[in-house]
Amino acid sequence: MKKFLSVFLFLAIAMIIVGCSKGKDSGGEADGTVTIEYWQYAYKAKVDLMDELIKEFEDKNPGIKVKQTTFPYEQYNEKVATLVPAGRGPDVINLYYGWLPKYIDSGYLQPLPEDAFPVDKIESEYFSLVNAAKLDDKYWAIPTAVRTLALFYNKDLFEKAGLDPNSPPKTWDELVDYAKKLTVRENGKLVTEGMAYEIGAQLNNWFYDALVYQAGGQGLSEDRKQVLWDDTPAGLEAFTYLVEFG
């Protein structure tokens with residue numbers, strides 16, 4: 001199994017204009033102030049940053065107030081599925097780009113209005129990965145961040161383990177071999193992990209956005225409407241490697 005490691009860049013989160021079948025209007029106060037409701041899943045750093053951005057936005061737009069509502073990540077899609085069809089959803093939502101097809105098919109979203117978001121402007125001002133938010137020839141979102149999958153290694157630990165500090169692993173097999181050589185135990189206790197990764201966080205990104213493609217497979221169809229990772233042996237090979245690696 002000589003699969004090569006590589007770095008993948010993908011859209012992580014996107015701002016999306018939300019619509020619902022019952023039609024939700026932005027709240028208006030007696031003094032003419034418009035209130036916009038914004039949702040995102042709860043990560044403290046993101047919430048704190050958004051609080052700052054909301055204040056900056058409101059200072060520049062005194063007639064608009066933004067209400068930020070957050071939900072635990074694990075409950076996020078459930079809340080959307082319950083509240084949006086009931087007409088109690090947000091005006092703007094922040095979500096993982098991989099959820100877009102499901103949200104669009106469910107009727108939770110409205111495409112970005114072209115008078116406010118001209119296609120030529122979107123495609124000229126944003127990195128080409130903005131196309132991940134384009135389905136059925138319409139843009140449904142604007143990216144707010146990207147995330148890079150990368151392998152970081154400690155040259156000092158490489159030297160200590162007798163490995164070339166200027167030659168990181170280049171294949172799946174080498175990654176396993178290096179991880180074993182870098183692992184240090186004393187009296188049965190783990191002192192140094194040969195490779196550290198967080199299984200409980202977003203390990204799926206390594207699988208979908210790296211291993212599947214490195215094995216020669218494809219995660220989604222070109223229109224991002226069909227899941228393809230399990231259509232070829234590459235998906236099983238990538239999944240087997242991931243499970244055995246752990």
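Bear in mind that the values here come from a model prediction, so they are computed numbers and not experimental data. (Residues numbered from 1 in each chain as written. Predicted model: local features only at pLDDT ≥ 70, side-chain atom pairs only at ≥ 80, totals over all residues. Heavy atoms only, no water.)

1. Description of the overall build of the chain
Thought 1: A count of helices and strands for the chain gives eight helices and 10 strands.
Thought 2: Looking at the 246 residues of the chain, the share that counts as buried comes to 36%.
Thought 3: Partitioning the contacts of the chain with sequence separation of at least 6, the portion at a separation of at least 24 is 68%.
Thought 4: For the chain, the accessible surface area stands at approximately 14,900 Å², while carbon and sulfur atoms represent 52% of it. (Helix = DSSP H or I, 4+ residues; strand = E, 2+ residues; numbered from the N terminus. Buried < 20%, exposed > 50% of the residue type's maximum accessible area, 1.4 Å probe, protein only. Contact = heavy atoms within 4.5 Å. Areas by Shrake-Rupley, 256 points an atom, 1.4 Å probe, with all protein chains shown as cover.)

2. Focus on the pattern of salt bridges
Opposite charge on two side chains allows them to pair when their charged atoms are near.
Thought 1: Taken as a whole, this structure holds five salt bridges when the rule is applied.
Thought 2: Note that Lys55 is salt-bridged to Asp59, the shortest N-O span being 3.2 Å. Taken together, the positions of Lys55 and Asp59, both in helix α1 (residues 44-60) and four residues apart, correspond to about one turn of that helix.
Thought 3: Among the residues examined, Asp59 registers a relative accessible area of 55% and is labelled exposed.
Thought 4: Asp177 is paired through a salt bridge with Lys181; the nearest N and O atoms lie 3.3 Å apart. One end of the pair, Asp177, and the other, Lys181, are both in helix α6 (residues 172-182), four residues apart, so they sit about a helical turn from each other.
Thought 5: Given the relative accessible area of 32%, Asp177 is considered partly exposed. (Salt bridge = Lys/Arg side-chain N within 4 Å of Asp/Glu carboxyl O.)

3. Some remarks on the environment of Tyr153
Thought 1: Looking at the secondary structure, you find Tyr153 in the loop between β8 (141-149) and α5 (155-160).
Thought 2: Look at Tyr153 and you get partly exposed, because its relative accessible area is 30%.
Thought 3: When the C-alpha positions of Tyr153 and Pro169 are compared, they lie 9.6 Å apart, and in sequence the two are 16 residues distant.
Thought 4: Engagement of the side chain of Tyr153 in a polar contact is seen with the backbone oxygen of Pro165, the distance being 2.9 Å. (Polar contact = N/O pair within 3.5 Å; in protein donor to acceptor, adjacent residues only side chain to side chain.)

4. Thoughts on the confidence of the model for the chain
Low pLDDT means the predicted coordinates in that region are not meant to be read closely.
Thought 1: Per-residue confidence for the chain averages 85 on the pLDDT scale, and 85% of its residues sit at or above 70.
Thought 2: Confidence scores differ between elements of the chain, with strand β1 (residues 8-17) showing the lowest mean pLDDT of 47 and α5 the highest of 96.
Thought 3: Every residue in residues 7-14 is under pLDDT 50, and counting partners more than four places away or in other chains gives 51 contacts. (pLDDT = per-residue confidence, 0-100.)

5. What about helix α2 (residues 76-83)?
Thought 1: Buried within α2 are the following residues: Tyr76, Val80 and Leu83. Angularly, the buried residues of α2 cover 85° about the axis, an arc narrow enough to put them on a single face. Opposite the buried face of α2, by more than 90 degrees, sit the exposed residues Glu78 and Thr82.
Thought 2: Of the surrounding secondary structure, the elements contacted by the buried residues of α2 are β3 (34-41), β4 (64-71), β5 (92-96) and α3 (100-105). (Arc of directions from axis to C-beta.)

6. A few points about unusual backbone geometry
Thought 1: Look at Asp137: it is not a glycine, yet its phi comes out positive at around 65°.
Thought 2: Of note, Asp137 is situated in the loop between β6 (134-135) and β7 (138-139).

7. Quick notes on the packing of α6 against helix α8 (residues 233-245)
Thought 1: It is the contact of α6 with α8, at a shortest axis distance of 12 Å, that shows an interaxial angle of 0°. The orientation of α6 with respect to α8, classified from their angle, is roughly parallel. In this structure, α6 uses Trp172, Leu175 and Val176 to contact α8, whose residues at the interface are Glu237, Ala238, Tyr241 and Phe245. (Axes fitted to C-alpha atoms, helices over the stretch in contact; angles between N-to-C directions. Parallel < 35°, antiparallel > 145°, perpendicular 65-115°, else oblique.)

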